[in-house]
Number of protein chains: 2
Amino acid sequence: MSAPPSESSRERGSYPKGVARRQEILDRAIEVFAKRGAQRTSLRAIAQEVGVTHAALTHYFGSLEELLVAVYRESELRLDDSAPAAPPDENPAESMRVSAEKNREIPGMVQLYSTLVATALEEGHSAAQEFATARFARLRAELAQRVRHLQSVGGLREDLDPELVAALIIAASDGLQTQWLLDPTVDLEAGLGMLGVLIAKPPTGH
Amino acid sequence: MSAPPSESSRERGSYPKGVARRQEILDRAIEVFAKRGAQRTSLRAIAQEVGVTHAALTHYFGSLEELLVAVYRESELRLDDSAPAAPPDENPAESMRVSAEKNREIPGMVQLYSTLVATALEEGHSAAQEFATARFARLRAELAQRVRHLQSVGGLREDLDPELVAALIIAASDGLQTQWLLDPTVDLEAGLGMLGVLIAKPPTGH
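Chain A carries the name TetR/AcrR family transcriptional regulator in an unreviewed UniProt entry, which gives Microbacterium rhizomatis as its organism.

Okay, the relation of the copies chain A and chain B next. Here two copies of a chain appear, and what relates them is a rotation about an axis with a shift along it. For the match of chain A to chain B, the screw axis carries a shift of 0.0 Å, the RMSD comes to 0.0 Å, and the turn is 180°. Taken together, the turn and the small shift mark the pair as related by a two-fold rotation axis. When C-alpha positions in chain A are compared against the rotation axis, the closest is assigned to A:Ala172, at 2.3 Å.

Next up on the list: helix H9 (residues 162–182) of chain A. For H9(A), spanning 21 residues, the distance from its first C-alpha to its last is 31 Å, which sits close to the expected 30 Å at 1.5 Å a residue. Within H9(A), 19 of the 21 residues are buried, leaving the element largely enclosed by the surrounding structure.

Moving on, we get to the interface of chain A and chain B. The interface of chain A with chain B comprises 43 residues on the first partner and 43 residues on the second. Carbon and sulfur atoms supply 70% of the area buried between chain A and chain B, which totals about 4,000 Å² over both sides. Where chain A touches chain B, the interface holds two salt bridges. Among the ionic pairs, B:Asp183 bridges to A:Arg140, the shortest N-O distance being 3.2 Å. Between the two partners, chain A and chain B, sit ten residue pairs in polar contact (both at pLDDT 80 or more). Mapped by element, the contributors of at least two residues to the side of chain A that touches chain B are helix H7 (107–121), helix H8 (126–152), H9 and helix H10 (188–199) of chain A. Of the residues forming the side of chain A that touches chain B, the biggest block, 13 residues, is contributed by H9(A). Partitioning the side of chain A that touches chain B into residue classes produces 24 nonpolar, eleven polar and eight charged.

Before going further, it helps to spend a moment on helix H3 (residues 43–50) of chain A. Residues and elements named next belong to chain A. If you check which residues of H3 are buried, you get Leu-43, Ile-46, Ala-47 and Val-50. Mapping the buried residues of H3 onto a view down its axis gives an arc of 105°, with all of them on the same face. Exposed residues lying more than 90 degrees from the buried face of H3 are Arg-44 and Gln-48. The inward-facing, buried residues of H3 contact helix H2 (17–36), helix H4 (54–61) and helix H5 (64–82). Once H3 finishes, Gly-51 follows within two positions and takes phi at roughly 90°, a positive value.

Looking now at the nonpolar core. Core analysis: the largest hydrophobic core is formed by 120 residues, its most contacted members being A:Leu57, A:Val71, A:Ile199, B:Leu57 and B:Val71. Both of domain 1 (16–82) and domain 2 (86–206) of chain B provide at least three residues apiece to this core. Beyond its immediate chain neighbours, meaning those up to four positions away, A:Val71 contacts A:Leu26, A:Ala29, A:Ile30, A:Phe33, A:Met109 and A:Leu112.

Turning next to the pattern of salt bridges. All names here are of chain A. Taken as a whole, this structure holds 28 salt bridges over all chains when the rule is applied. Two residues, Arg-97 and Glu-101, come together in a salt bridge whose shortest N-O distance is 3.1 Å. With Arg-97 and Glu-101 both in helix H6 (residues 92–103) and four residues apart, the pair spans about one turn of that helix. In this structure Glu-101 comes out as partly exposed when scored by relative accessible area, which is 36%.

Residue and element names in this part refer to chain B. Within the fold, Asp-89 resides in the loop between helix H5 (64–82) and helix H6 (92–103). Considering only alpha carbons, one finds Asp-89 and Arg-146, 57 residues apart in sequence, at a separation of 7.9 Å. Excluding anything up to four places from it in sequence, Asp-89 contacts His-149 and Leu-150. In terms of polar contacts, Asp-89 uses its side chain to reach the side chain of His-149, at 2.7 Å.

Calculation rules
Per chain, residue numbering runs from 1 following the sequence as it is written. Numbering of ligands from 1 and lettering of chains from A proceed in the order in which they are written. Residues qualify for local features only when their pLDDT is at least 70, as the model is predicted, and side-chain atom pairs are given and counted only at 80 or more; totals for whole chains, interfaces and linings, by contrast, use all residues. No hydrogens and no water enter the side-chain calculation; it runs on all heavy atoms of the structure. The copies are overlaid by a least-squares fit using only the C-alpha atoms of residues whose pLDDT is at least 70 in both copies. Only runs of H or I of at least four residues qualify as helices and only runs of E of at least two qualify as strands under DSSP, and these elements are numbered from the N terminus. For a helix, the expected span equals 1.5 Å multiplied by the number of residues minus one. Throughout, exposure labels follow a simple rule: accessible area from a 1.4 Å probe, protein chains only, divided by the maximum for the residue type, with under 20% read as buried, over 50% as exposed, and the rest as partly exposed. For this analysis, residues touch if any pair of their heavy atoms sits within 4.5 Å. The term buried area means the drop in 1.4 Å probe accessible area that two parts suffer when joined, counted for both and summed. Any carboxyl oxygen of Asp or Glu within 4 Å of a side-chain nitrogen of Lys or Arg constitutes a salt bridge here. Polar contact criterion, stated in full: a pair of N or O atoms within 3.5 Å, where within protein one must be able to donate a hydrogen and the other to accept it, and residues adjacent in sequence count only if both atoms are side-chain atoms. Under the scheme applied, nonpolar residues are Ala, Val, Leu, Ile, Met, Phe, Trp, Tyr, Cys and Pro; charged residues are Asp, Glu, Lys and Arg; polar residues are all the others, including Gly. Arc definition: it is the arc formed by the directions from the helix axis to the C-beta atoms. To define a nonpolar core, start from buried Ala, Val, Leu, Ile, Met, Phe, Trp, Tyr and Cys residues and group those joined through side-chain atoms within 4.5 Å. The source of the domain bounds is an automatic or database domain assignment.

See the structure below:
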């Protein structure tokens, strides 16, 4: 359901110079954002930090919003590629806990994510809106699939709606991440761990 | 723990003209935001919509960020004043469900809230950061208090850490609200209802 990550830049064989240049700028932009976070800024200021002209950024990415989406999407793909896939029998709240732990190391990207989601809720920001809507839909579908599987093998409570469990886990993860960023005493990982226990099938009494 | 809402504007007896004028502008700004949402804009554009000069807005509120905080804080106070307090024995996830239901009618304020929280996560936005940090701390303390009470009377599972339950409920509410705004098929209220069931004390078997 999510839009493919800029097909052309991933195509093999033909690799025109423009595509390579776009990728080069994107690589550099990812480094810049990982360090600086996503504080509101202009395309012009980012161009300077990345070390390209404002015209080049506009040419390759269109707008600040589209650049932010491209930066986040690309860095998420890299994280996914570098991480081992979660075992299929892992409690999905536990998988989110593992992701959250990794995110601790890249607060700049977590800030960028929050900014993109907030932008998506405003009217007239179609790039951010399409990105966030597709991302949530894809994540919900993936997690719901996992929940159904775990329910079928007795790992999770069977009385819970899989789609709703998926939405709830994503919500808990996003929301706890926000609270933790503002106040590091909020135990994001323990919160997700608690949710994992709550949705797990209780051990049968004897 | 939360900062009091602009002491001077709430003082009785002395009611200087400036304070009245500030309140008047705030009232009008609340109407404007409830309608328009919080799409990124300038203080100048808001001044025009509110029908005051840019200089007046700057004089009374300082910056766009401080105006947004004042608008959200005031409209939240009004909602709290107009709503009956939740019964002390109500499941706190159920109370959040009731709030979420009310929020459906004011999507502009939900957008404004998301924008403020995202702004708070960026560096150098102290007004939004202080507001969001204090609001989360206050909400967590209130909910944790309620959770402890309910645990003591047997309404909620006693094995759950009250502070963590509080953080989880707030996170679920914020996160599901975001997903619902982007995709109205996400059942925000059912999600909070599910969390309420999960933290409730299971009926004793017989």
